[in-house]
Amino acid sequence: PFKLTYTGRSLDQFEQVGALRVDARELTRVTPKGKVLLDHVSLVIEPREFVAIVGPSGSGKSTLMGALAGYRRADRGALKVNGDDFYQNYDCYRGVLGYVPQDDILHANLRVEEALTFTAKLRLPADTTEADFSARIARVLEEVEMGAHRQQRIVDLSGGERKRVSIASELLADPSLFFLDEPTSGLDPGLEKRMMYTLRYLADSGRTVVLVTHATANIMQCDLVGFMAGGRLVYYGPPAGALQMFGVTSGDFADIYTKLQGRSGAAEAAGQSELAYAHAFV
């Protein structure tokens, strides 16, 4: 979690926990057949912000997430973390990255504590003691409100509980940049709300949290929301501003989806190379 900078006179150490800023400029990704998956996407994520990337299916949400997390890099454009070229210096930042994919990432037949112990031994320094392992596991389980389930098998947990254990697994390395792909997928409304509050807490605790989601019922928990359509970022700003930008008076963010899908289809039918409503980007 530290950055070492040589000033010419000394080698200075700077703690970067809770202080990572992400700058994406003109991120573009194109398939070998020429299909544009990301179309010149630019955004800034400040330290400790909670950001949601939303939009219709096939809009480029997961592609943008992969580019920001460095797992599926953009073909063109620049991605910087605290001014450093993120892709070029990726190995330097791997230790502060957390990534939770949409699918469960833990062995279903293990108990929660067992699964996290194996993960901790892989992710934490070799000189970590057994007492430190236990303390770290207890801490991350409390952060996701799963302390009472540590002796349960993962296969016996509900969908929401498994998601929380997956998040806890990534929290073991204490990441400052935390990416989650559809963490609320398949959850009922109550569990979805609880999950969003958990992620809000993680951001307030010093992490930069970015998630991809279809669910918009609790999007007001986020600091910023980015709406994707046709591979482009057509809105990026406070959630309340999206309703005003797209002229949605119902207060339901799902109504924005309808407008995005309709306009995207109209743009394609007219043979346009870019969406007519791209000026909604702020």
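In case you missed it, the structure is sitting above this.
Attention here is on the structure that accompanies the text. (Residues numbered from 1 in each chain as written. Predicted model: local features only at pLDDT ≥ 70, side-chain atom pairs only at ≥ 80, totals over all residues. Heavy atoms only, no water.)

Section: the overall build of the protein chain
Then comes step 1: Of the regular secondary structure elements, the protein chain holds eight helices and 12 strands.
Then comes step 2: Taken over the C-alpha trace, the protein chain has a radius of gyration of 20 Å; the compact-globule value for 282 residues is 19 Å, and the two agree within 12%.
Then comes step 3: C-alpha extents for the protein chain along the principal axes are approximately 65 × 55 × 35 Å.
Then comes step 4: Of all intrachain contacts in the protein chain linking residues separated by at least 6 positions in sequence, the fraction that spans at least 24 positions is 65%.
Then comes step 5: Entry remark: accessible area of the protein chain is about 13,500 Å², with carbon and sulfur atoms responsible for 50%.
Then comes step 6: Side chains of the protein chain give 31 positive and 35 negative charges; the mean places of these two sets differ by 3 Å. (Helix = DSSP H or I, 4+ residues; strand = E, 2+ residues; numbered from the N terminus. Rg over C-alpha atoms; globule rule 2.2 N^0.38 Å. Contact = heavy atoms within 4.5 Å. Areas by Shrake-Rupley, 256 points an atom, 1.4 Å probe, with all protein chains shown as cover. Lys, Arg positive; Asp, Glu negative; His and termini not counted. Charge placed at Lys NZ, Arg CZ, Asp CG, Glu CD.)

Considering the pairing of strand S12 (residues 232-237)
Then comes step 1: Most of S12 is tucked away, with six of its six residues classed as buried.
Then comes step 2: Relative to S12, strand S11 (residues 224-229) runs antiparallel, the two sharing five bridges. Note on S12: the bridge partner recorded for Gly226 is Tyr236.
Then comes step 3: Turn length for the S11-S12 hairpin, with the two strands adjacent in sequence and antiparallel, is two residues, and the turn residue Gly230 shows positive phi of about 60 degrees. (Buried < 20%, exposed > 50% of the residue type's maximum accessible area, 1.4 Å probe, protein only. Pairing = 2+ DSSP bridges.)

What to know about the packing of aromatic side chains
Then comes step 1: A complete count under the given rule lists six aromatic pairs for this structure.
Then comes step 2: With a centroid separation of 4.5 Å and an interplanar angle of 40 degrees, the aromatic rings of Tyr71 and Tyr99 are classed as tilted. Taken together, the residues Tyr71 in the loop between helix H1 (61-69) and strand S6 (76-81) and Tyr99 in strand S8 (residues 97-100) connect sequence positions 28 residues apart.
Then comes step 3: A relative accessible area of 44% places Tyr71 in the partly exposed class.
Then comes step 4: Residues Phe227 and Phe246 carry aromatic rings whose centres are separated by 6.1 Å and whose planes lie at 65 degrees to one another, so their mutual orientation is edge-to-face. Of this pair, Phe227 sits in strand S11 while Phe246 sits in the loop between helix H7 (239-245) and helix H8 (254-269), and the two are 19 residues apart along the sequence. (Phe/Tyr/Trp six-rings, centres within 6.5 Å; stacked < 30°, edge-to-face > 60°.)

Here we look at the environment of Ile154
Then comes step 1: Position of Ile154 relative to the elements: it lies in the loop between helix H4 (130-143) and helix H5 (159-171).
Then comes step 2: Its relative accessible area of 5% is what places Ile154 among the buried residues.
Then comes step 3: Expressed as a C-alpha distance, the spacing of Ile154 and Leu106, which sit 48 residues apart in the sequence, is 7.9 Å.

Comments concerning the sheet that holds strand S5 (residues 50-54)
Then comes step 1: Strand order in this open sheet of six strands is S8-S9-S10-S5-S11-S12, and the pairing throughout is mixed. At either end of the open sheet lies a strand with only one pairing partner, and these are S8 and S12. Direction aside, neighbouring strands of the sheet carry axes that sit 15 degrees apart on average.
Then comes step 2: Direction of pairing for S8 relative to strand S9 (residues 177-181): parallel, over a ladder of four bridges. By the bridge assignment, Gly98 is partnered in S9 with Phe178.
Then comes step 3: H1 contacts S5, S8, S9, strand S10 (208-212) and S11 of the sheet and is inclined by roughly 155 degrees relative to S9. (Axes fitted to C-alpha atoms, helices over the stretch in contact; angles between N-to-C directions.)

A word on the nonpolar core
Then comes step 1: Membership of the largest hydrophobic core comes to 48 residues, with the highest contact counts inside it found for Leu116, Ile167, Leu199, Phe227 and Ile256.
Then comes step 2: With five residues, the top contributor of residues to this core is helix H6 (residues 189-204).
Then comes step 3: Setting aside chain neighbours within four positions, we find Leu116 in contact with Ile137, Val140, Leu141, Val165, Ala168, Ser169 and Leu172.
Then comes step 4: Val22, Ala67, Val96 and Leu97 belong to the second-largest nonpolar core, a separate cluster that totals 33 residues. (Core = buried A, V, L, I, M, F, W, Y, C linked by side-chain atoms within 4.5 Å.)

Here's the deal with helix H3 (residues 112-123)
Then comes step 1: Between its first and last C-alpha, H3 extends 16 Å over 12 residues, near the 16 Å set by a 1.5 Å rise per residue.
Then comes step 2: Taken together, the buried residues of H3 touch H4 and H5. (Expected span 1.5 Å × (residues − 1).)

Some thoughts on the pattern of salt bridges
Then comes step 1: Evaluated as defined, the whole model comprises 13 salt bridges.
Then comes step 2: Ionic pairing is found between Glu145 and Arg194, a salt bridge with its closest N-O pair at 2.9 Å. One end of the pair, Glu145, is in the loop between H4 and H5; the other, Arg194, is in helix H6, with 49 residues separating them in the sequence.
Then comes step 3: Take Glu145: its relative accessible area is 45%, and that puts it in the partly exposed class.
Then comes step 4: With relative accessibility at 42%, the residue Arg194 sits in the partly exposed group. (Salt bridge = Lys/Arg side-chain N within 4 Å of Asp/Glu carboxyl O.)

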